[in-house]
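Understanding the architecture of this molecule
Here is what each chain is made of, one letter per residue.
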Amino acid sequence: MTLIDFTNLLVSALLLAGIYAVMSVGMTVIYGVMKIVNLAHAGFMMLGAYFALELFQRFRIDPIIAALLAFPVLFFLGAAVHWVLLRRLPRSDEPTLPSLLLMFGLWLVLQNLGYLIWGNTDRSIFTPRTLSVVSTVRLAVFIAAVGCLLLLEVILHYTWFGRSVRALIQNRYAALLTGVYEDRTAGIAFGLGIGFAGLAGGLLGSLYSFDPDFGRPFLIRAFVIIVLGGLESISGVAIGALVLALVETFSILFVPAGYQLAISFGLLALALIVLPGGLASLLAKVRRVA
Amino acid sequence: MNQTGGTLLRVQNLEVSYGAVQVLWGVSLSVVRGQVAAIIGSNGAGKSTTLNAISGVLKATSGRIVFKNEDLASLPPRERVRRHISLVPEGRQLWPKMTVEENLMMGAFPPKMRKNVKANIARVYEMFPRLKERRSQLAGTLSGGEQQMCAIGRGLMPQPELLMLDEPTLGLAPKMVDEIFQFVRDISNQGVTILLVAQNVNYALQFSHYAYLMETGKITLEGPGESLLSNQYVQEAYLGSS
Ligand SMILES: Nc1ncnc2c1ncn2[C@@H]1O[C@H](COP(=O)(O)OP(=O)(O)OP(=O)(O)O)[C@@H](O)[C@H]1O
Ligand SMILES: [Mg+2]
């Protein structure tokens, strides 16, 4: 392997990590605030991808812009889903069976809606950029992804809403005690999570072809990333995304590309066995030893 | 400025259950404006449950929580914070990955209180200079005593008329215990009405104008602090003298 090959792989891993982080961060926020594992995440990613496709086909809107537009639309959809369904779930500090079943059911509903509306043929978004040599799509996707992540980080740290989100994540009891309006904060947080799912779907849709089952393999990747990154931290998600992207990218040197998902699964199993606290616990351990 | 008189808080026949298990059985107590009231009792008696019900984090199954002639029982916690009631909870319950200053800010979360945030943080820093030094440190990295100061500081942020403190000296070194009680005295001297739960019975009774003994979810004895202190039953069961 030449240095150029190596650099190429490194760059593509980095570009991939951006979008992986976007698709996982929504799940992390939702889990952190509501302790709900959003099994329907893939469904909302699929909606984001078709949303971008429709805007592109009907109005010739650039797919990256369309993906960014998917964010607010999916945000409101998410907030509505929270208002209608999730608000009624019993509160818990751990994922509950009813919440898992509800989210799984929601995924099936979304998926079948997708089949109903768009049929089961593969779709893809082709622009002149898609086939250009220096993959500008990937770069644009990366910039959009990182920009949105930074925006989220700023919101979480410098607004009252952001602080109330972190308060609910870190200590729900204390958050309630100081007057955080849980239903409202959780509704907005769920909307944000779904917005990020839509954005990720839209961005991925301009890289890969998709059908209404789109998102399933990415859901598994999101699990890996969240487990690696620790369940409740945003910077953890970025690191987890980077690790997975690096492993997947460099693994094509050793195993056929078709086995990539097996690699994700292997990493998931490994992480659960060796690092139940995520990479952060590893760092803490290293620091303690050093 | 230590004006007393008039009942600020009156709890009547409070009943609270965790699921199917009832833990409070008709608790009644009242706190006079400007005074310090204490609840003592052994582990599991229901002291924390009582404070949590007053702050609204736990819903009462029945009973009244009357604060300044208004029944709060059906209001969510945020409405009670808005009425200047705050609780410094057992175990401090800070947000470990937020800075000291963010923890304090969150104490004044209700929108109407946010405009006073700066002034109130300054007041807290004046009282606890050590918090000011550590304002940008994560709360989880503070020592136990500093965490307790941060928790009390957070409780002061809504400019409480009623400040409830749940075992504020739990797990602290003796010197720190004295320090914390001195802070509580200062806060009381500023005119804040205090409802204190303390496992340090001796301290709590010397400290309070009026005290309640709680046993298995009921108030079994009440009276001025000194009178409970000299009560034979309290001495035998809670002060370890015979
Ligand atoms: N979250 C909970 N779920 C179920 N039961 C609980 C819960 N919290 C407290 N209890 C029970 O309610 C009773 C009263 O508990 P509470 O914490 O109010 O006691 P306490 O007087 O504060 O005790 P301590 O001095 O140990 O803090 C205990 O029997 C306890 O086991
Ligand atoms: Mg207690």
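What counts as what
- Residues numbered from 1 in each chain as written.
- Chains lettered and ligands numbered in written order.
- Predicted model: local features only at pLDDT ≥ 70, side-chain atom pairs only at ≥ 80, totals over all residues.
- Pairing = 2+ DSSP bridges.
- Helix = DSSP H or I, 4+ residues; strand = E, 2+ residues; numbered from the N terminus.
- Axes fitted to C-alpha atoms, helices over the stretch in contact; angles between N-to-C directions.
- Parallel < 35°, antiparallel > 145°, perpendicular 65-115°, else oblique.
- Contact = placed C-beta atoms within 7 Å.
- Nonpolar A, V, L, I, M, F, W, Y, C, P; charged D, E, K, R; others polar.
- Near = placed C-beta within 6 Å.
- Domains from an automatic or database assignment.
- Buried ≥ 20, exposed ≤ 12 C-beta atoms within 10 Å, placed from the backbone.

This part covers the sheet that holds strand β4 (residues 62–67) of chain B. Residue and element names in this part refer to chain B. Taking strand neighbours across the sheet as the criterion, the four strands line up as β2-β1-β4-β5 in an open arrangement whose pairing is antiparallel. The sheet is open, and its two borders are formed by β2 (21–32) and β5 (70–71), each paired with just one other strand. The pairing of β4 with β5 spans two bridges and is classified as antiparallel. Directly across from Phe67, in β5, lies its bridge partner Glu70.

Next up on the list: the packing of helix α5 (residues 136–158) of chain A against helix α6 (residues 160–170) of chain A. All names here are of chain A. Where α5 meets α6, the closest approach of the two axes is 5 Å, and the angle between their N-to-C directions is 85 degrees. By the angle between their directions, the pair α5 and α6 is classed as roughly perpendicular. Taking contact as the criterion, the partners of Ile155, Leu156, His157 and Tyr158 in α5 are, on α6, Phe161, Gly162, Val165 and Arg166. Classifying every residue of the contact of α5 with α6 by side-chain character gives five nonpolar, two polar and one charged.

Facing 20 residues of chain B, the contacting portion of chain A comprises 15 residues. For the side of chain B that touches chain A, the secondary structure elements donating two or more residues are α2 (77–82) and α3 (100–107) of chain B. Among the elements that make up the side of chain B that touches chain A, the one with the highest residue count is α3(B) (four residues). Split into classes, the residues belonging to the side of chain B that touches chain A amount to 13 nonpolar, three polar and four charged.

This part is about the site of ligand 1. Residue and element names in this part refer to chain B. Around ligand 1 sit 13 residues in total, of which Tyr18, Asn43, Lys47, Ser48 and Thr49 are the nearest. At the level of secondary structure, the elements contributing two or more residues to the shell around ligand 1 comprise β2 and α1 (47–55). It is α1 that provides the largest number of residues to the shell around ligand 1, a total of three residues. Partitioned by chemical class, the residues of the shell around ligand 1 number four nonpolar, seven polar and two charged.

The next thing to look at is the domain arrangement of chain B. Residue and element names in this part refer to chain B. Taken domain by domain, chain B holds domain 1 (1–84 + 161–242) and domain 2 (95–159). Computed over C-alpha atoms only, the centres of domain 1 and domain 2 are separated by 23 Å. For the side of domain 1 that touches domain 2, the secondary-structure elements that each account for two or more residues are α2 and α7 (174–189). For the side of domain 1 that touches domain 2, the residue count by class is seven nonpolar, two polar and two charged.

To continue, consider unusual backbone geometry. All names here are of chain B. Even without being glycine, His84 reaches a positive phi, approximately 65 degrees. With respect to the helices and strands, His84 occurs in the loop between α2 and β6 (85–88). A count of 18 C-beta atoms within 10 Å places His84 in the partly exposed class. A positive phi is found at Gln159, a non-glycine position, where the angle reads about 45 degrees. Within the secondary structure layout, Gln159 lies in the loop between α6 (144–156) and β7 (162–166).

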